[in-house]
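Residues per chain, in single letters:
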Amino acid sequence: MRRFRLSLFVKYAALIVGLVIAVLVVNGGLDLWFTYQDTKQELIGLQKEKAEAAAQRIEEFVTEIQQQVGWTTFAQWALTPIEQRRYDYVRLLRQVPAITELVELDGKGKEQLKVSRLAMDVVGGGADHAQDASFTEALAKHVYFGPVYFRKESEPYMTMALAGSGRNAGVTVAEVNLKLIWDVVTALKVGKEGYAYVVDRRGRLIAHPDISLVLRDTDLRSLPQVAAALAGSGEAVALARNLAGRRVLSASAAIPDLGWHVFVEQPLAEAFTPLYAAALRGAAIVLFGLLLAGLAGLFLSRRMIGPIRTLEAGARRIGGGELDHRLDIKTGDELEELAGQFNRMTEQLQESYAGLERKVEERTRDLAETLEQQTATADVLKVISRSTFDLERVLDTLVGTATRLCAADIGIIWRLEGDVFRPLGTHGASAELMHAFAQDLPRPGRETLASRTVQEGRIVHIVDVLADPAYKYGEAAKLGGYRTALGVPLVREGVPFGAFSLARKEVKPFTDKQIELVATFADQAVIAIENVRLITETREALERQTATAEVLQVINTSPGELTPVFDAVLEKALRLCEASFGHMFRYDGRSMRLAASRGMPAEEVGWFREWVPDKGSAMDEIVRGAQVAHIADVIDTDAYRSGIESRVKLVEVFGARTALWVALRKDEALLGVIVIYRREVRAFTDKQISLLQTFADQAVIAIENVRLLNELRDRSAELARSVEELKTLGEVGQAVSSTLDLETVLTTVVTRAVEIAEADSGTLFRYSRERREFRLYRAVGFDETLLAEARAIRIPLEHSTLGLAATRRAPVETTALVEMPANAMRDLMIKAGFHSTVVVPLVYGERILGGFTLQRRTGKAFPANVLSLLQTLANQSAMAIQNARLFREIQEQSRQLELASQHKSQFLANMSHELRTPLNAILGYTEMMADGLYGELGEKAKGVLERVQANGRHLLGLINDVLDLSKIEAGQLKLSIEDYSVPAVVQQVVSATESLARNKSLELTSTIGEAMPAGRGDERRLTQVLLNLVGNAIKFTDKGSVSIRALAANGQFEIAVVDTGPGIKPEDCARIFDEFQQVDDTNTRKKGGTGLGLAISRRIVQMHGGRIEVDSTVGQGSTFRVIIPQRAEETEAA
Amino acid sequence: MTKRILVVEDTEDNRQIMRDLLGAAGFEMIEAEDGAAGVAAAEREKPDLILMDIQLPVMDGYEATRRIKANPELRHIPILAVTSYALSGDEEKARAAGCDGYVTKPFSPRQLLAKVREHLG
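Residues numbered from 1 in each chain as written. Chains lettered and ligands numbered in written order. Predicted model: local features only at pLDDT ≥ 70, side-chain atom pairs only at ≥ 80, totals over all residues.

Undergrad: Whenever I open this one, the overall build of chain A confuses me. Can you help?
TA: Secondary structure assignment for chain A yields 32 helices and 35 strands. When burial is assessed residue by residue, chain A has 33% of its 1134 residues classed as buried. (Helix = DSSP H or I, 4+ residues; strand = E, 2+ residues; numbered from the N terminus. Buried ≥ 20, exposed ≤ 12 C-beta atoms within 10 Å, placed from the backbone.)

See below:
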């Protein structure tokens, strides 16, 4: 904060000072600037005037000399005699002291006359000046001013030449002393240090106060002012530096005739001396202003900041809590207004604080009260939760707390029980008062507080009971000494069932808050009362649940047994229904049988063991459909009075007075009765009756369970048997399908059959069709001796049990072997100790395969299901035998086929060899003879040899083709699939056949499509095919051409062989691909050939998955097309 | 020096052709009529080249070739199979047995001679 304030102050002060300074500086600066400009202009103007005056003087001087010399140039003058002219010259020298020499030149530049102050006059000197500048320039321009030069190193001179007028005029040359110019320049004064000087047209110094500079022939072109003047640009340079390097004010004037310039310069230091004085004055004023401004700034800032500081301090005090503080600012401006607003704001704050404090106080009071109530309620709740089952204590606490909190003296909780109100909890009531109430309990009506509250169902507030005309308990009020009473109803499910009442011993109405509090306590009381009620009910229900659960557990732990269940049921029933003894009977539709008994000595039970219900007895009622029979007092019944034995005995012997019967029924059917007795006269409550019914239901469940369990056991046993059988079938089936080893299958079958049928032995017989008899094949359960004996027996188809079963195609069973007709096997079995047997035939279709038998040592029959299972096994066995036979046959056939194939291969190889060997001799000798190995041959013999050779080759071709075809037929021709190139194949074929074509003067061409992909197939075989086609074409074509065209499209190659031969008739087109088929005419016979080539070609192409086509017109030629997949996989030949 | 060629061939006619052909070409010919005799002749005579028939009595040409090629002293001798086995796979079998060349019967004497000269370098 402090920094901020300080900076505000500084800001103000700096602003004021800055403003003043700025004004002063700008003012002083501008003033100085204008003064400077004016002064400069003035000075330059002055200098210029002086320069011009000097220039004028110099110009006048030169002009005058020019005029003086001028008259010597007139033409008439030139005609005057030389002496005259000389005289004139001398006179001129005298008249004009500045001229030191005059020379007259004739028209050719020859010196005519020379008159000088310094030398002897010369007349007719004749020196040639024709080349001098003074001569030439003067002739050209009439006047010539030469450059300034110096004589005796001290005086400036200039040559002036004037041309004469008239024809062939001469020139007068005058040397002029320029000392006068020096005088002019030196005389010129500007201030103390100002000076003037003159430069010629080349910028060289002509005159200067410092003569030495002139004599040194100083060149001033380097000075900007000189350069500007020489350039004649008109822009004079006013500020410049002189030769000495000092800054000067410069002005100049030109002498146009001579091209000279007069400069007047004055050093800046001197020229601007007054200006500097003015600047100093200005600075002094600025300083003074600064001082003044500083003082003013400080003062003003202080004035402005003061009230703000006051505001700030005040605000801080108010912020710090001093709400009484007021700002006192009397500036009469916005600051005072601001302070006023601050003060008003503070006042409002003060007011709202006061309001808030009041509210807080009130709220705190409320909170304290609520807290007290909450604490009380919490305490009550604690008590309630801690002593859930001690209702009295809970209610005492409730009423006590309510009494205390509501500043009452007496509190009582009433509950309507029947037609009277009873106190449940009290506080502050004297024993006498409670006694008085007990003597005359309040009844419903308007007479008492509690009854009125319950009747009205809302809060009843009696300000003075003694003043209430309807209030009946005036005596009690007097006894208790209470006057004002408050009653709040206790409500459960919308129905008032009691009252929470408070009373004061003085007349002082309860406040709304207190009434509200009592209502809360009343609610708590209701909850407590309800809780206890619910808990009691729950406990009872739990007890019953536990009992039934225990019974259920007994049912579960002793499945299939009823006695423990009945015992448990009876025990629980007696306990929960508070009965003395009881029985459980089962009913069989006629009589009752005792199933369980409890609470009665064993010796007395005998009487109940089994009896038929007497007519009109309770049991009879039950039998006739009643669910429950209840006799509150057995003596007080007609049955007892009329002396029905059972009833009388019940009372006289067993001391029963009250009895309850409940039927055990399952879907209307009576299963039994449960009955319990009390030895005292006390009716069973509804709850107890329904409980006994529950027990009866449980007993029924138990009975049903046992029944179901027994059924389940039977079923399970059955199922287990079935599963066993299925397993057997499965095993056998698996054996049948998994092994074709017949022995294994049949052994499995017999073994499993013995197991399933629980037989002691089993046998399997096989039937021989040839011999029409059965022989033992496998046996289970036979010892060595028995087995050997049994094996020896032949059982004929006729007159045997096996034969009978096989003929009937059904099992034959006997339980007494001895009763069967005697035969060797029967006798052996009897001898081995078997009594019963079953014989199952093995038949497949119409074919008898054998049979199997099972034997038992006992005479027990085989059950029907076992028999049917045996039949199934038999069928499976038959199938197995059949399968095995078929398998053997197939194996045999395969073997033979393989053998045949081997034989064929061998045959092919042999045939190849056998045919080639003699051919080798034939062709070998022929060739050697033809080659003259055996001496020269005659022409005729050669012809014969050629025929032999041709026929031999043809035979070889035939042999090769037949072999190929045989191999194809035998499936022995295998393609060797590799990558190949169609162009290469075509090229190979063309190379092999072009000589043939040439011999017949045929044109052989090949065209290959663009971008042929690599093919996959058997290159050698495909070449063979194409060779065959091209060979045929050449063979059958006598004139024209044979062309091969190959192209690739749609993943296929199409290779066409086109000829211009005789063509093929349509009816022959299909035939030509068959073996040994040629188009049968004289022509083809003449051409020769095996007639196998196309057949082989077609097979090879087909093996590549392609086809071969022919397209022909008789007389025009044929086209054979081979179409094969580009990438062939080997396929079986069609 | 005259080159010596062993011809293993069971057919007399074919031996005669060989005799005429090779004799006329200026070779000396050694003969054997079965495989075993061929092996013995090769060991005994150490010829410059062997023409081996395949289907031979006693021992076939494959076995004879294998035995000759198994002998380090004879291994360098080129053996040409001259056979009437012209079925596919027969050439591979011959080469597998160790034959350096393969000529099918019926052969052209001219071509056989060319092949023999080629192998004699």
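Undergrad: Mind showing me how you'd approach the packing of helix α26 (residues 864–930) of chain A against helix α1 (residues 12–24) of chain B here?
TA: In a pair of packed helices, the angle between the axes and the distance between the axes together describe the arrangement. Following both chains from N to C, one finds α26 of chain A and α1 of chain B inclined at 20 degrees, their axes separated by 9 Å at the closest point. Relative to α1 of chain B, α26 of chain A is oriented roughly parallel. Crossing of α26 of chain A against α1 of chain B: the hand is left-handed. Two secondary-structure elements touch here, α26 of chain A through Asn-920, Ala-921, Gly-924, Tyr-925 and Met-928 of chain A and α1 of chain B through Asp-13, Asn-14, Ile-17, Asp-20 and Leu-21 of chain B. When grouped by side-chain class, the residues that make up the contact of α26 of chain A with α1 of chain B number five nonpolar, three polar and two charged. (Axes fitted to C-alpha atoms, helices over the stretch in contact; angles between N-to-C directions. Parallel < 35°, antiparallel > 145°, perpendicular 65-115°, else oblique. Left-handed = near helix turned anticlockwise from the far one by under 90°. Contact = placed C-beta atoms within 7 Å. Nonpolar A, V, L, I, M, F, W, Y, C, P; charged D, E, K, R; others polar.)

Undergrad: I'm lost on the sheet that holds strand β9 (residues 239–241) of chain A in this one. Help?
TA: Paired through their backbone hydrogen bonds, the strands of a sheet run either parallel or antiparallel. All names here are of chain A. Strand order in the open sheet made by the five strands is β8-β7-β11-β10-β9, with antiparallel pairing throughout. Looking at strand neighbours, the two that pair on one side only are β8 (205–207) and β9, the edges of this open sheet. Adjacent strand axes in the sheet meet at a mean angle of 45 degrees when their direction is disregarded. Relative to strand β10 (residues 247–255), β9 runs antiparallel, the two being bridged by three bridges. (Pairing = 2+ DSSP bridges.)

Undergrad: Help me understand the packing of helix α2 (residues 35–45) of chain B against helix α3 (residues 61–70) of chain B, please; the structure alone is not making it clear to me.
TA: Residue and element names in this part refer to chain B. As a packed pair, α2 and α3 sit with axes 8 Å apart at the nearest point and diverge in direction by 20 degrees. When the axis of α2 is compared with that of α3, the two are roughly parallel. When you trace α2 past α3, the crossing you get is right-handed. Contacts between α2 and α3 involve Gly-35, Gly-38, Val-39 and Ala-42 on the former and, on the latter, Gly-61, Glu-63, Ala-64, Arg-67 and Ile-68. Tallied by class, residues from the contact of α2 with α3 come to four nonpolar, three polar and two charged.

Undergrad: Explanation requested: the interface of chain B and chain A in the structure shown.
TA: Residue-level contacts link 18 residues of chain B with 16 residues of chain A. Among the secondary structure elements, those contributing two or more residues to the side of chain B that touches chain A are α1 and α5 (109–120) of chain B. Among the elements that line the side of chain B that touches chain A, the one with the most residues is α1 of chain B, at six residues. The class makeup of the residues in the side of chain B that touches chain A is nine nonpolar, five polar and four charged.

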